[in-house]
Amino acid sequence: MADMMNDDDGSATDDADDREAPAAETMIISRWHEPGHPQGFRARITYGRTPGAGPRTVSTADPDEVLRVVQEWLASGPGPADR
């Protein structure tokens, strides 16, 4: 029996038809208020791109740093040949 997986639209596809899966990329941003710090803002960004490599983590108290990391991550995404 072939392995089945769901596409984003909920339909099932046969693994045998999808021999080349797109690279998965994940970014998680956790934000919280931290009393006692001048800004009160804290964030941790965890992201990964390379299969088999561990995730990278950035911790910051600067909202602009969060935006910079996200922009760099998006800009360095896979090109059409990598999808």
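Residues numbered from 1 in each chain as written. Predicted model: local features only at pLDDT ≥ 70, side-chain atom pairs only at ≥ 80, totals over all residues. Heavy atoms only, no water.

Pairing within the open sheet is antiparallel, and its three strands lie in the order β3-β4-β5. With partners counted over all chains shown, the strands left at the sheet margins are β3 (26–33) and β5 (56–60), one partner each. Pairs of neighbouring strands in the sheet enclose a mean axial angle of 10°, with direction left out of account. In this structure, β3 lies alongside strand β4 (residues 41–48), joined through eight bridges in antiparallel fashion. Residue pairing in the sheet places Ser30 in a bridge with Arg44 of β4. Helix-sheet contacts for helix α1 (residues 63–75) involve β3, β4 and β5, and the interaxial angle to β4 is about 15°. (Pairing = 2+ DSSP bridges. Helix = DSSP H or I, 4+ residues; strand = E, 2+ residues; numbered from the N terminus. Axes fitted to C-alpha atoms, helices over the stretch in contact; angles between N-to-C directions. Contact = heavy atoms within 4.5 Å.)

The end-to-end C-alpha distance of α1, which contains 13 residues, comes to 19 Å, matching closely the 18 Å that a straight helix rising 1.5 Å per residue would cover. Where α1 is buried, its residues contact β3, β4 and β5. The residue sitting at the N-terminus of α1 and contributing the capping side-chain oxygen is Asp62; that oxygen lies 3.0 Å from the backbone nitrogen of Asp64. (Expected span 1.5 Å × (residues − 1). Polar contact = N/O pair within 3.5 Å; in protein donor to acceptor, adjacent residues only side chain to side chain.)

So, on to the pattern of salt bridges. A complete count under the given rule lists two salt bridges for this structure. Across the pair Arg68 and Glu65 runs a salt bridge, and its minimum N-O distance is 2.6 Å. Here Glu65 and Arg68 lie together in helix α1, a separation of three residues that amounts to about one turn. Here Glu72 and Arg68 are joined by a salt bridge, their closest N and O atoms 2.5 Å apart. Of this pair, Glu72 and Arg68 are both found in helix α1, four residues apart, which corresponds to roughly one turn of the helix. Connected through shared salt-bridge partners, Glu65, Arg68 and Glu72 make up one network. (Salt bridge = Lys/Arg side-chain N within 4 Å of Asp/Glu carboxyl O.)

Residues Met27, Phe41, Ala43, Ile45, Tyr47, Val58, Val66, Val69 and Trp73 constitute the largest nonpolar core, which totals nine residues. Looking at this core, the elements that each hand over two or more residues are β4 and α1. The element that contributes the greatest number of residues to this core is β4, accounting for four residues. Those residues in contact with Met27 that lie beyond four places of it in its chain are Ile45, Thr46, Tyr47, Val69, Val70 and Trp73. (Core = buried A, V, L, I, M, F, W, Y, C linked by side-chain atoms within 4.5 Å. Buried < 20%, exposed > 50% of the residue type's maximum accessible area, 1.4 Å probe, protein only.)

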